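An overview of the molecular structure
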Amino acid sequence: MRKSSCIAAALAALTCLPALAQKQLTVVNFGGANANAQKKAFYEPYEKTGTKVVAVEYNGEQAKIKVMVDSKNVTWDAVEVESPDVARGCDEGLFEKLDWSRIGNKADFVPAAVTDCGIGIFVWSTVMAWDGDKLKAGPKTWADFWDTKKFPGKRGLRKGARYNLEFALMADGVKPADVYKVLATKEGADRAFRKLGELKSNIQWWEAGAQPPQFLVAGDVVMTTVFNGRIDAANREGKHLQIGWVGGIYDLDYWVIPKGDPNKDAALKFIAFASTADAQAEYAKNIAYGPTNKHALAKLDAKTLANLPTSPANSKDALQFNLKFWADQGEDLEKRFASWATS
Amino acid sequence: MTATLAAPVPPAADSAALRRSLARASRRRKWRAFALTLPLLVFLLLTFLVPIAALLERAVENPEVARALPRTVLVLRDWKRADVPRPEAFAAIVADLGALSDSADAGALARRLNSEKPGARSLIMGTYRALPLEGTSAATPAGAIRDKLLAVDPRWGETAYWEAIAKNGSRWTPDYLLTAVDLRRDAHGAIERVDPDQRVFGGILLRTFGISALVTLWCLALGYPLAYWLSTLSPRRANVLMIVVLVPFWTSILVRVAAWIVLLQSEGLVNHALQGLHLTSRPLELLFNRTGVVVAMTHILLPFMILPLYSVMAGVPTSYVRAAVSLGSTPLAAFVRVYVPQTYAGIGAGALLVFILSIGYYVTPALLGGPTDQMLSYYIAQYTNVDVNWGMACALGALLLAATLVLYAVYRRVTKSELSLG
């Protein structure tokens, strides 16, 4: 009698387990201020629908996704990835193709947010920033950023070729619209590296998004490139950091679903929720990244809008990150950068 | 044994039987010994030799082009590489790309060719998406297919992309290994150095050895006196002090690295102390540069120097130095000429151990160093995690393995002894 009840209990547990598993969703993000905003805008409201959201942080390592997909053991459901990885991973079969009919109307989103495998979560920008308490009149252009006579001191730059080569060309007088045309030529790349070389002894490299505001506050650098949302996050804590929007490079982060995810259906549901105008507006209120759902803008006040990279005033002299260019030339330029940085 | 030796010489038949049974007994003993070590051997095979073999295989494996473009590779076999290939090659690549069942195969092909010739990614993927070419069939002449393909993307008229395909037609390639030592094959397969602005790994390998040598020297300089002092104490006191050496050894590397960040930062303890003593007026830059890396690595690796030194020193009889002094040598000369040579085995073992562990270091330079302080492992991690170029990561791993083996061979040659850890 006792034995049979044991077996019954065990069977019940077994049948229950998959049901429990379905009620849980693993969402992967880049951590930091961005993760906190996602928690408030996406995870907590979504949990009210009865699905527990388990947030995992990573640093964009696509190898982790590749291993999961190759070994057919996918445990991540919705993953935030950077734009170069969306196209690459989609080509190489790492991600599921999205069923757009279940997410919403493609026309509701900014054009760059709509791709086969990924949907844009937010628009962010890499911009120049300085501490308003220490530097009253900040740099106005990238040429100013490069001018170590007018603004003595170290500059923070993200370690790598991406963005820095574009900034260097703009500092050298190339118009934003021509940057990628020039960079595509051998002479253009030489020119960018030469210009970067002028600043070399004054560069403090950063790798994690949280570093540049710390550098500014600690006085390690006089100005730095930075993801605009991190400046916003620091200012919410009472700092007075300033952003120069001219010549910023904006780009999107995307949601993707790793291929073969057994929880694909639930992941798609979550992504559809996070892409609604309400969730997108809530996210923008928590961190100054632009919504990809156009209808979210109407739900935001003027003060919030003024801080977003997508606002007309901020985006008019900005440059859109050229995905195709970096997908083709990235490997070569990054290797050249490594060689340049080592010597 | 002694009984057989002592006995008078037995008749031939007896001795043959004896030899046989002896051989049988020793064979049985060998088998038993082998059976006892079998679990260990299997364990080593699975956890050590198989992964290393897989790593070496991946460093030379090149399946993407051969698998995805078999017809094209065949057509390109007799191509002279001077001009654009004949139309059949265009027809073949259209047929090959059209036959790929999964876009993932095209993606893998695009990735492989792009690392050979930047731009190949968009060329391959763009062409793959444009297939099937409108108005063509299996019967369309090759010339017409060529024209259609050139209309899809004029870059098919450039020889560089065809060279990349022809060069990678084989299932095996030396390219990753060559890149790891800053060499490359040109279009005709001759080996040459890469352009100066693409040379990376030679410098990084030298830097890796440089940092490791510096750390080894510091460990020896700090560890030798300490090990000597420990060896002169009574065993009880030596044991107590040995725990002081071992406690940091048992602490997680991350904890120790974080502790160094706290100590060395510009507002940290060390800088405050130096400024408080008026030794410096401004904070010294101790972090995110070579100083930070060498200080922390020396601290982490010190026990690996002290332990072999101590175990050798504990066995050195004190009477030799006393004898030298009593025969008129100064204490210093006696120490240098009589004592130190007796500890060479410990110095060799400690230095080799510290050096070999150093060249594989990753976490400490990544957290405490700047971009010019990263060692080879950093680039292996980069290729593994971020670029997902596992062929390149394995080639760099193979380079590191080869460097370690060469070092060990040199060590054996110089000291004419096995590595002894006491």
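For clarity, every value in this text was computed on a predicted model and none was experimentally measured. (Residues numbered from 1 in each chain as written. Chains lettered and ligands numbered in written order. Predicted model: local features only at pLDDT ≥ 70, side-chain atom pairs only at ≥ 80, totals over all residues.)

Some remarks on the overall build of chain B
Helix and strand counts for chain B come out as 21 helices and two strands. Against the globule reference of 22 Å for 422 residues, chain B gives a C-alpha radius of gyration of 32 Å, more extended than a compact globule. The dimensions of chain B, computed from C-alpha atoms along their principal axes, are 100 × 95 × 35 Å. Here chain B holds 422 residues, and the buried ones make up 31% of them. Relative to all contacts within chain B whose residues are 6 or more apart in sequence, the contacts with residues 24 or more apart total 70%. (Helix = DSSP H or I, 4+ residues; strand = E, 2+ residues; numbered from the N terminus. Rg over C-alpha atoms; globule rule 2.2 N^0.38 Å. Buried ≥ 20, exposed ≤ 12 C-beta atoms within 10 Å, placed from the backbone. Contact = placed C-beta atoms within 7 Å.)

Regarding the domain arrangement of chain B
Parsing chain B into structural domains produces domain 1 (63–172) and domain 2 (201–415). Distance from the C-alpha centre of domain 1 of chain B to the C-alpha centre of domain 2 of chain B: 52 Å. (Domains from an automatic or database assignment.)

Section: helix 15 (residues 323–342) of chain A
Compared with the 28 Å implied by 1.5 Å per residue over 20 residues, the 26 Å span of helix 15 of chain A between its first and last C-alpha is a close match. Most pronounced at Gln 329 of chain A, the bend in helix 15 of chain A amounts to some 65°. For helix 15 of chain A, the secondary structure elements touched by its buried residues are helix 4 (83–91), helix 6 (164–171) and helix 8 (186–199) of chain A together with helix 6 (103–116) and helix 7 (120–130) of chain B. (Expected span 1.5 Å × (residues − 1). Bend = angle between axes of the 7 residues up to and from the residue.)

Considerations on the environment of Val 110 of chain A
Residue and element names in this part refer to chain A. Relative to the helices and strands, Val 110 is located in the loop between helix 4 and strand 4 (119–131). Each C-alpha atom, one on Val 110 and one on Val 123, is 9.6 Å from the other, the two residues being 13 residues apart in sequence. Beyond its immediate sequence surroundings of up to four residues, Val 110 is in contact with Gly 120, Thr 292 and Lys 294.

Let's talk about the packing of helix 4 of chain A against helix 15 of chain A
Residues and elements named next belong to chain A. Two numbers describe how helix 4 lies on helix 15: the axes approach to 9 Å, and their chain directions differ by 70°. Classified by the angle their axes make, helix 4 and helix 15 are roughly perpendicular. Here the hand of the crossing between helix 4 and helix 15 comes out right-handed. Contact residues: helix 4 offers Ser 83, Pro 84, Ala 87 and Arg 88, while helix 15 offers Leu 323, Trp 326, Ala 327 and Gly 330. Its residues assigned to classes, the contact of helix 4 with helix 15 shows five nonpolar, two polar and one charged. (Axes fitted to C-alpha atoms, helices over the stretch in contact; angles between N-to-C directions. Parallel < 35°, antiparallel > 145°, perpendicular 65-115°, else oblique. Left-handed = near helix turned anticlockwise from the far one by under 90°. Nonpolar A, V, L, I, M, F, W, Y, C, P; charged D, E, K, R; others polar.)

Regarding the interface of chain B and chain A
Across the boundary between the two partners, chain B contributes 28 residues, which contact 22 residues of chain A. Going through the elements one at a time, helix 6, helix 7, helix 11 (201–232) and helix 20 (376–386) of chain B are the ones with two or more residues in the side of chain B that touches chain A. In terms of residue count, helix 6 of chain B provides more of the side of chain B that touches chain A than any other element does, nine residues in total. Among the residues forming the side of chain B that touches chain A, the class breakdown is 11 nonpolar, 12 polar and five charged.

Some words on the confidence of the model for chain B
All names here are of chain B. Mean pLDDT over chain B works out to 88, with 95% of the residues at or above the 70 mark. The secondary-structure element of chain B with the lowest mean pLDDT is helix 1 (residues 2–6), recorded at 48, while helix 11 shows the highest, at 94. Per-residue pLDDT stays below 50 along residues 1–5; that stretch engages in zero contacts with residues further than four places along the chain or on separate chains. Here the predicted complex scores 0.81 on pTM and 0.79 on ipTM. (pLDDT = per-residue confidence, 0-100.)

Topic: the packing of helix 11 of chain B against helix 18 (residues 344–359) of chain B
All names here are of chain B. Interhelical geometry of helix 11 versus helix 18 gives an angle of 140° and a closest axis separation of 9 Å. It follows that helix 11 is oblique to helix 18 by the angle criterion. Read as a crossing pair, helix 11 and helix 18 show a hand that is right-handed. Residues Thr 208, Phe 209, Ile 211, Ser 212, Ala 213, Val 215, Thr 216, Cys 219, Leu 220 and Gly 223 of helix 11 form the contact with helix 18, whose participating residues are Ile 347, Gly 350, Ala 351, Val 354, Phe 355, Ser 358 and Ile 359. Considered class by class, the residues forming the contact of helix 11 with helix 18 number 11 nonpolar, six polar and no charged.

A look at the domain arrangement of chain A
All names here are of chain A. In terms of domain boundaries, chain A breaks down into domain 1 (2–123 + 252–311) and domain 2 (125–251 + 315–342). Counting from both sides, the interface comprises 16 residues of domain 1 and, opposite them, 18 residues of domain 2. Of all the elements in the fold, those that place two or more residues in the side of domain 1 that touches domain 2 are helix 2 (32–47) and helix 4. The greatest single-element share of the side of domain 1 that touches domain 2, amounting to four residues, is contributed by helix 4. Of the residues assigned to the side of domain 1 that touches domain 2, the class counts are nine nonpolar, six polar and one charged.

A look at unusual backbone geometry
Here the bond from Leu 131 of chain B into Pro 132 of chain B is cis, since omega is -5°, no more than 30 degrees from zero. Mapped onto the secondary structure, Pro 132 of chain B falls in the loop between helix 7 and helix 8 (142–152). Residues other than glycine seldom take positive phi values, yet Tyr 163 of chain A does so here, at roughly 70°. Tracing the backbone shows Tyr 163 of chain A in the loop between strand 5 (155–158) and helix 6. Note on Tyr 163 of chain A: 18 C-beta atoms within 10 Å, which makes it partly exposed. For Val 388 of chain B, which is not a glycine, the phi torsion comes out positive at approximately 50°. Checked against the element boundaries, Val 388 of chain B lands in the loop between helix 20 and helix 21 (390–415). The buried category is assigned to Val 388 of chain B, around which 22 C-beta atoms lie within 10 Å.

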